[in-house]
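Chain by chain, the residues run as shown.
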Amino acid sequence: MALWHGTVAFVCSTFAFLYFGVAFAAHPEHAITYFDGGPTRLFFFDDTPSLIYHDIISMNIYVSHDEGKTWDRADGILPGDAAIFVEHPFNNRVAFVLTDSFTHYRTDDCGKTWVTFSVPDLVSYDSKPLSFHSDPLRWEYVPLPGHQVHTNSLGRTLSRRDGFATTPKVLLDDISSCQFAHSSKDFQPDAHEDLIYCVARDSSVMSDPRRIESSHLYSSTDFFVTKKNEDIGNGNNTESVVTFAIVGKFAVVELKDLTPGSDSYMLLYVSVDTKQWVKAQFPSNVRLREGAYSIAESTIHSLAVNVALHDPDPVVTLFSSRTLFVSNSNGTYFVESLKDTNRNMAGYVYYEKTHGVEGVGIANVVANARDLERWMTAEQLRSVITFNDGSSWAPLLVPGGTCSSYTCSLHLHSVTDMYDYRPVFSSPAPGFVIGVGSIGTILAPYEESNTYISTDAGLTWKMLREGPYQFEFGNSGSVIVIVDDQQPTDSILYSTDMGQTWKTYNIGIQFRVHKLTAVSDSTSQKFLVLGYVMPQSRQPGNGRNAAIYLDFATLGRPKCGPNDKESWYARANSKSDCIMGAKQWYTRRKADADCYMGEEFHDPEVHDDKCPCEEHDYECDYNHVRSDGKCVPLSPERIPSTQCTLGTPNEKYMGSSGYRKIPGNKCEGGSRMDEPISKDCSGAEPVEGPIVHQIHSLPGDIVQSEYFKDSKTVLVRLTDRTIWQSSNEGYTWEQKFPEERFLAFYMHTHSNERAYLLTDSKRFYYTTDTGRYWHSSEAPSSPNTFGAQVLRFQPRTEYVIWIGNVDCQSGYENCRAQAQYTWNNGRNWQLVEDYVVNCDWARNGELRIDSSQILCESYENKQGSQVFFGRDNALQLVSWTDPYVTKTKLFDHVAGFTQLSEFLIVDEYLPMRDMLNLQVSFDGRTFAPGSFPTGVHPNFHAYTILESSTKSIFLHMTMNEGPTPWGNILKSNFNGTYFVLSLENVNRNIGGFVDFDKFAGLDGIAMANIVANPTEAALTGRKALQTRITYDDGGTWKALLPPSVDSLGLKYPCTSVGCALHVHGYTERFEARATYSSPSIAGVVMAVGSVGDSLATYSESDTFLSRDGGFTWEEVHKDAHIWEFGDSGSVIVIVNDKEPTDHVLFTTDEGLTWREFKFTTEKIRVRDIMTVPGDTSRKFMLLGRYPTTAGSVIVHLDFSSLTHRKCLVDAQNPGHDDFELWSPSEERDSLCLFGRQTLYHRRKRDVNCVVGDTSKALDKVVRNCRCTLQDFECAFNHIRNGEGECVLLLGASPLPPDDSCRDREDYWYERTTYRKVPYSTCEGGDRIDRGTRHLCPDIQVPDHIPGHGAMFWTMVIVFPIAITALFVAWWWAIGLPEDDDDSPRSGPGMLATLASVPWFLLGLLGNAFKYMSKGYRTRRNNGAVSLDEDKQVLLHIEDGK
C-alpha cells in the first residue's frame, strides 16, 4: 500500500508540475517603468531594440536597449535640457537632441552615448528643424536653420559635413528653409550628391526684403561657397517662392503668382530630375489658393494634393469641402481622385495607404459636405477604400459581405481623430488591417464603435471585438494585442490565432492607456503600453505615467516551419489576383498555426508577377471625368500648336483617348486604352462669336441688386455701404453720392420709374425717372433697426409710409419704431402710430379695398423701450382710414399679417389658449377664420404662407421641426377659409423656406420636393428628397418623367419603379430671384438635378431642360449650373456656380448645342446671373467675387452680335413664321388644362433670330372644356389614397351639407369627397363634386296651378291690341302732310312714340308673366345670397347692393 500511495503521489506531483509549468509558460512576461511625465516622442531606432522616451514635463531623454523592458536617463544629456528630439530618417543609429541654448546633443550609437556640439545661433523651431541627406554614408550632412539674437534677419542656415563635430559655417542668410535634393530614398535624380536648395529672401532689393516678391530659390553644390538663383522656367527668375520640398520622387516648388490679374493664386512646379521643371496642371475648374490646399500622403508614383475648391462663407459656416487630386507619373497633370476629403483642425488629411500592398488605401470623406457649406452642423463621415491608388473608390464591405453600399457599409476612425498622427490601420504584417468603427450610413462616435479586422488588405472584414480598443500587431501578425482605451483597466487582451480567440493578461495595476505600440516593422514579439497610472495603484516615489513592457516570446511557441505558412495574394476583388497590374503575394503564417514567424527585424518579402493590362488598370486622363463608366472631357481639348493649322473642314489631330495608365501600375501588354486617337479639329476648341464683355471690380461684396422694371438701369449695394448704378445693363458703372453711407434701397412696387436710397440718417434720395435724376429729401426719423420694412408703397405713387427710429440716439429708455406717412412724396409727413412692428397700406394691386386704409401691428402698452418688449405686451392689429384721426382695433393680439393677391391674411394669437388662428379678409374689415384638416392646425404647427396666384392660398404646415424640418402643403378654397391637404412631407429648411415653386407664365403648374424617408430622416437627420409636379394647381402630384439618355447619349441606369428625375429646389438657391422658368418663354423650364430613386447632392447633379412645362425632360449639360434666360429664350446662359470659373456656356437653340465663351484669365466664383426683368434682353451680368480677395466683380456679357436677324411674326397667321403655338396640354391625353385649352406664342427652337420687342400673338384661350377628373381636388378633411381616390381622413368629419343657393340657382347639391379646382373654368361634364340634387329651400311648388278667366286674358292680350289699332286708324284718318316740316305731328317724336308701342306691349306681357309666376315660386331675399359653397363669410351683402 505504501508503494501504491507513493506511486500515486509521484504521478500527481508530476501532473501538477507539468500543469503549473505549462500554465506558467502560457502567459507573457511584463515589466513596468514609471515616469513623471508622458512622452512627447516615443521613437524606435529602426531594426534595433533601442528606443527613446522624451519626457516633456521633466524635459529629459530616457533610453532603453531592450525594447522597453528597462530604462535609463540618457547619459551625457544634462537634466531638463531636452527641448526637441529629432531622429535621422536615413541612418538608424543617429539622432539629435536640440535645446533652448547654443549647445545641443548627438548620438551615433542608438542613444548609448551622447556628444555635445555648439552653434552660434538659436535653433529656429519649425515642423522640420533639421534636414538630412538620404545617403546613409552622408549622415553627417546636416543643415540647421537658426536665427541670430538681437537681429532683424529672417534666419540663416548653419551646416557642417561632419555632423557638427566642428564649428558649423553659415550657409545662407535670410532663409526660410533648406533641403538636400537627395533627401528622399525615392528621389534619385542624376544630380550632384551635395546639391542643396534653400528658399531665401534677397536682401539686396531696395524695397522691403520681407515681401514675398524678394523670395527666391537658391541652389549650391559646394555648401554655398557659390550659389545659383534657380530659374524653373516661369519667366520671372523664380520670384515669390513660398516653399521647396522633396516629396517621394518629386521635387516641388510652390510660389505665388503675382502677375497682373492673377489674384495671387499659387503655382506648383514639379521636377523629377532637378533639371526640367514643369508647371503642375489641374483641371480647368481648379485654382490653388494660399492656405487652401496641402500635399497629402503620396505614393512613389504620383503626387497627391488636397484642394479646397472654394472659400467658405464665414457668415454661414467655416467648413470648406476639399477634393483630392493625384498626378501622373511625372507629377504634372492632376486628375480628381476623391471629393469631400476629411481633415482636422491641425490640417491632417486622412488618406492612409495599406502597408506593403501597393495601390490599397483607406480614406474618410465628409458625407454631409453640402449641408456643412450652408450652415453650421455636425460633421458626418464615411469610409471608402481604393485598390488602384485612388483612381476609384468604393465603400468597405461589412462583415459577412451582405451589404456594400454607401447607405450600409463599414466606417473606420482615422488618423485625424486618433491620439497621434501615425498609421492607425495597417502594419508591416502582410494583409492585416485593424480599425475602430461602425456599420451604417455614417461613422458613429468613437465610444459607440467596435473593433474590426481584415486579413486580406481591406477586401473583407469581420468584427474583432465589441467596443473600441487600441491595437497592435506583433511578429508579422502572429500576435495581436488590444487594450481598452475608454476606461481604466488592469489588463490587456491578446490573440495568437488572428483574433479567433482571446486571452486576458492582468498587469497588476489600474491604468488609463495612452498608446499601444511595438517596433516599427511589427516583427518582434515585444509590445509597449504607455498609460496614466490611476491613483489607487500609484506607489510613493513612482511617477504618474507608466511604460508597460510585454514579452510574448515566453509563450513557448516553436518557430514556424514550411507547413505552417501560406502564400497570400493581395487582390482588389474575388475574381482576380491582380492589383495595380501585378500579382502581389507574401508568405505568412496560417491562422491556426501555433508558432512564431521568422527573424526579428526582418521585413516580409513581397513578390510581383506582372499581369496583362485591362480596363481597371486605367483612369481618366487630365481634364476628363468618369461619367456612366466612361471618361468624358470636362472642356474642349487644347490643340498643340503643330496641329489643326490648315483650317480645312475635315482636318484631324491626334488627341487624348480620355484614359491614362494609373501611375505605378505594372501591367504589360493587353488592352492599350491610353493610346492617342484621331479627332476632328472642329471639336477641339469652341467657336467664339463676337461677344462683348466688360469686367468691373467693386470694393465690397454685393448684398443687394435690382433692375428698374422695364428699364436697362440697375442698382447694386455693397457691404461697404456704397451704391452703384449702371444705366446700360452693367456695361459701365458709377457710384452714387460717395459721401453717404447707404443702408438699403427700395424699388417702388407700383411705379416702375421710382426708387429710394436710404442713408444711415434721416436723409434719403429718390428718383422718379429710373435714376436719370436723383433728388434728396428728409424723412421724419432715421431708418428703424427693429427689422421692419422702412418704406411701404401703394398705387397712389406719392403716398408712402416710413417706419423709423425715435428716441434711440441717447439710450434705450423710450426707443421705439414710429410710422409716419406722406401724401406728397416726403415733402410733408404725418404721424400714424407709435411702437409699431409693421405698417402697410391695406390695398395692393388686387386687394380692392379702401385705398387710404393703413394697417399696423402696434404694441398695446406704449411706454418704455420697444427693444425689451416681449409677448406680455400684446401686439395689436389696428387700422386707420383717411384723415387718420381715429384708429380701429381689428385684433387684440397678432403675430403678423400679409397680403397675397386678393387676400388679406392675419395671424391671430390667442393667449388664453396659446395658439395661432389664421384669419382671412377680402375687405380689410370683416374676417373669417381658416378651417384646417384634423391634426393640421396652426395652433400645433408653424406654417409658411407660400402664394395665392390662382385664387387659392397655398401654405406649408411644418409637421417635423428641428434640424431636418418638413411638413404638408395645404390649399384653400377660393376665399381662403377651408384648407385641404395637397402634398405631404414637403421639404423646408431651418430658415422656414420651402421647396415649392410655381412656373412663371404657366399658372397652376408647380414643383415641390418631398422627404421620401420621413421616419428615417427624423432619426438620422439625412433626408432623401424626391421631386413632385402638379398640373392641376395642387390637386394631384406625380413624379417627373426621367429622360432615357443623358447629354452624352448614354442610357440612364433607370430600371426601378421609383426611378425618376429629381431637381434641387428653392431652399438651395443663393438668389431668391432665380426661378425654374421665365414668363417670356412659355413652357421652357430649367433645373439642376439627378436621375435615380432620390435627389443627389448639388455637386453630383447635372443640368436639365423641359420645353413642355415639365411634362418631359432632357439633360442638356453635365454638372450643376445656374442659368438665365435672355431675349425670350433665344439665348440661354449657364455658368458653373460650384467653383471658380473663367467661362460661360450659352445656347441659341434651347440646349440642343452649347458654346463656350471665356471672359477672363482669372477665374471668379459666380453667385448670380442677372438680366432685365422679363428676360427680354441679350445682355447679362455675372455677379461674383474673386476667391481669395475682398470685394466683388461684375462681368457684363453682350450676345447681341450673335445674329442681327429679327424674328418674323405673322399676327394674322400665328404659327407660320418664326414662332410656334404651344399648349401645355399637348403631351397629355386631354387637350385641356384647368378646364380650358390655351395656346401660347413662342419662338421656334431651331430658329436663330432676335425676338427683342417683336410683338407676339397674345395667349389665346381656344375653348372651355368639359369637366374631367383633373378639374377636381379633394374636399375638406379628405386625402387621396393609394389608388388616387379622395377618402375621408381617419378620425375626421366631413363638412355639413350646405343648402344655400348661389346665383339664384334652383337646386343645391350634397357634398362629395371632391371639390372643383377654383382655377378651373371647365363646363358640364362629369361633376363629381356634386352629390344628390335638392330643390333650393326658398322655392315653393304649389299643389295646383291656379287658372285665369276670360276677363284676365281679354285685359292682357285683346285690350292692348284694340287700343293700338284705334290709334293707327286715327293717324291715317287725319292724313300726313307731304312737305310740312313745321307740323307738330311730324318728326322724331311721333316716330319714337310709334316705335315704343311694341316695347309697351312686351312690358305688359312681362308684368303678366311675373304675376303668373307668383304661383310657382316666391321672391328671394337678396341678403341671403351665398358667396361661398363652404362658408357664408367675409363680406356682408345688403339688400340693394
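Structure first, text after, so check above.
Residues numbered from 1 in each chain as written. Predicted model: local features only at pLDDT ≥ 70, side-chain atom pairs only at ≥ 80, totals over all residues. Heavy atoms only, no water.

Caption draft 1: Representation of the overall build of the protein chain. Along the backbone of the protein chain there are five helices and 100 strands. Here the protein chain holds 1441 residues, and the buried ones make up 52% of them. Residue pairs at least 24 apart in sequence account for 53% of intrachain contacts in the protein chain once pairs closer than 6 positions are excluded. (Helix = DSSP H or I, 4+ residues; strand = E, 2+ residues; numbered from the N terminus. Buried < 20%, exposed > 50% of the residue type's maximum accessible area, 1.4 Å probe, protein only. Contact = heavy atoms within 4.5 Å.)

Caption draft 2: Examining the sheet that holds strand β32 (residues 450-454) more closely. On the basis of which strands lie adjacent, the open sheet formed by four strands has the order β30-β31-β32-β33 and antiparallel pairing. The open sheet has two edge strands with one neighbour each: β30 (409-412) and β33 (462-465). Strand-to-strand twist of the sheet, defined as the mean angle between neighbouring strand axes without regard to direction, takes the value 55 degrees. Two strands pair when backbone bridges link them, and β32 and β33 are joined in this way by three bridges, in the antiparallel orientation. Bridge pairing in β33 places Tyr452 opposite Met463. (Pairing = 2+ DSSP bridges. Axes fitted to C-alpha atoms, helices over the stretch in contact; angles between N-to-C directions.)

Caption draft 3: Fine view of the packing of aromatic side chains. Under the defined criterion, the tally for this structure stands at 46 aromatic pairs. Their ring planes at 55 degrees and their centres at 4.5 Å tell us that Tyr821 and Tyr884 sit as a pair that is tilted. With Tyr821 in strand β61 (residues 816-822) and Tyr884 in the loop between β65 (875-880) and β66 (887-891), the pair connects residues that are 63 residues apart, well separated along the chain. A residue is classified by how much of its surface remains accessible, and Tyr821, at 5% relative accessible area, is buried. Chaining the aromatic ring pairs together yields one cluster made of Tyr756, Phe764, Tyr766, Phe793, Trp802 and Trp829. Against the face of Tyr799 rests Arg796, its NZ or CZ located 3.8 Å from the ring centre. Directly above the aromatic system of Tyr1307 lies the positively charged group of Arg1333, at a separation of 3.9 Å from the ring centroid. (Phe/Tyr/Trp six-rings, centres within 6.5 Å; stacked < 30°, edge-to-face > 60°. Lys NZ or Arg CZ within 6 Å of the ring centre and 35° of its normal.)

Caption draft 4: Expanded view of the state of the cysteines. All chains considered together, the criterion is met by 11 disulfides. Covalent S-S linkage joins Cys1054 and Cys1059, the inter-sulfur distance amounting to 1.7 Å. In this structure, the disulfide formed by Cys1054 and Cys1059 twists by about -120 degrees around the S-S bond and is classed as left-handed. When its relative accessible area of 25% is taken as the criterion, Cys1054 is described as partly exposed. Two residues, Cys1274 and Cys1286, share a disulfide whose sulfurs are 2.0 Å apart. Its S-S torsion of about -85 degrees marks the bond between Cys1274 and Cys1286 as left-handed, since a negative value means left-handed. Taken together, the positions of Cys1274 in strand β94 (residues 1272-1274) and Cys1286 in strand β96 (residues 1286-1288) put the pair 12 residues apart, joining distant regions of the chain. (Disulfide = S-S within 2.5 Å.)

Caption draft 5: Focus on a nonpolar patch on the surface. Together, Tyr812, Val867 and Phe868 give the surface a local cluster of nonpolar side chains, amounting to about 350 Å² of exposed area. One can find Tyr812 in the loop between β60 (800-806) and β61. (Patch = residues over 30% accessible without salt bridge, like charges linked within 9 Å, V, L, I, M, F, W, Y side chains within 5 Å. Areas by Shrake-Rupley, 256 points an atom, 1.4 Å probe, with all protein chains shown as cover. Salt bridge = Lys/Arg side-chain N within 4 Å of Asp/Glu carboxyl O.)

Caption draft 6: Quick peek at the nonpolar core. Judged by nonpolar contacts, the single largest core of 34 residues is most densely connected at Met1086, Val1133, Val1144, Phe1159, Leu1182, Leu1197 and Phe1199. Counting residues per element, the ones that place at least two in this core are β80 (1085-1092), β83 (1122-1126), β84 (1131-1135), β85 (1143-1147), β87 (1165-1170), β88 (1179-1185) and β89 (1192-1198). Considering each element in turn, this core owes the most residues, five residues, to β84. The residues contacting Val1133, other than those within four sequence positions of it, are Ile1122, Trp1123, Glu1124, Val1144, Leu1145, Phe1146, Ile1169, Phe1180 and Phe1199. Formed by 23 residues, the second largest nonpolar core is a distinct cluster that contains Ala1087, Phe1104, Leu1233 and Val1317. (Core = buried A, V, L, I, M, F, W, Y, C linked by side-chain atoms within 4.5 Å.)

Caption draft 7: Local environment of the environment of Tyr731. Mapped onto the fold, Tyr731 is located in the loop between β52 (723-726) and β53 (734-736). Among the residues examined, Tyr731 registers a relative accessible area of 33% and is labelled partly exposed. Along the sequence, Tyr731 and His696 sit 35 residues apart, while their C-alpha atoms lie 8.6 Å from each other. The residues touching Tyr731, leaving out its near neighbours within four places in the chain, are Val692, Gln694, His696, Ser726 and His1196. Within the structure, the side chain of Tyr731 is placed 3.4 Å from the side chain of Gln694, a separation counted as a polar contact. (Polar contact = N/O pair within 3.5 Å; in protein donor to acceptor, adjacent residues only side chain to side chain.)

Caption draft 8: How the structure looks around the environment of Val1193. Position of Val1193 relative to the elements: it lies in strand β89. Residue classification places Val1193 among the buried residues on the basis of a relative accessible area of 0%. Separated by 495 residues in the primary sequence, Val1193 and Leu698 have C-alpha atoms spaced 5.9 Å apart. With near-sequence residues (within four places) excluded, Val1193 lies in contact with Ile695, His696, Ser697, Ile1164, Leu1182, Leu1183, Gly1184, Arg1185 and Tyr1186.

Caption draft 9: Here's a closer look at unusual backbone geometry. Look at Met498: it is not a glycine, yet its phi comes out positive at around 60 degrees. Tracing the backbone through its elements, the reader meets Met498 in the loop between β36 (489-495) and β37 (503-518). When its relative accessible area of 7% is taken as the criterion, Met498 is described as buried. The residue Asp1119 is not glycine, and still its phi comes out positive at about 75 degrees. Positionally, Asp1119 belongs in the loop between β82 (1114-1117) and β83.

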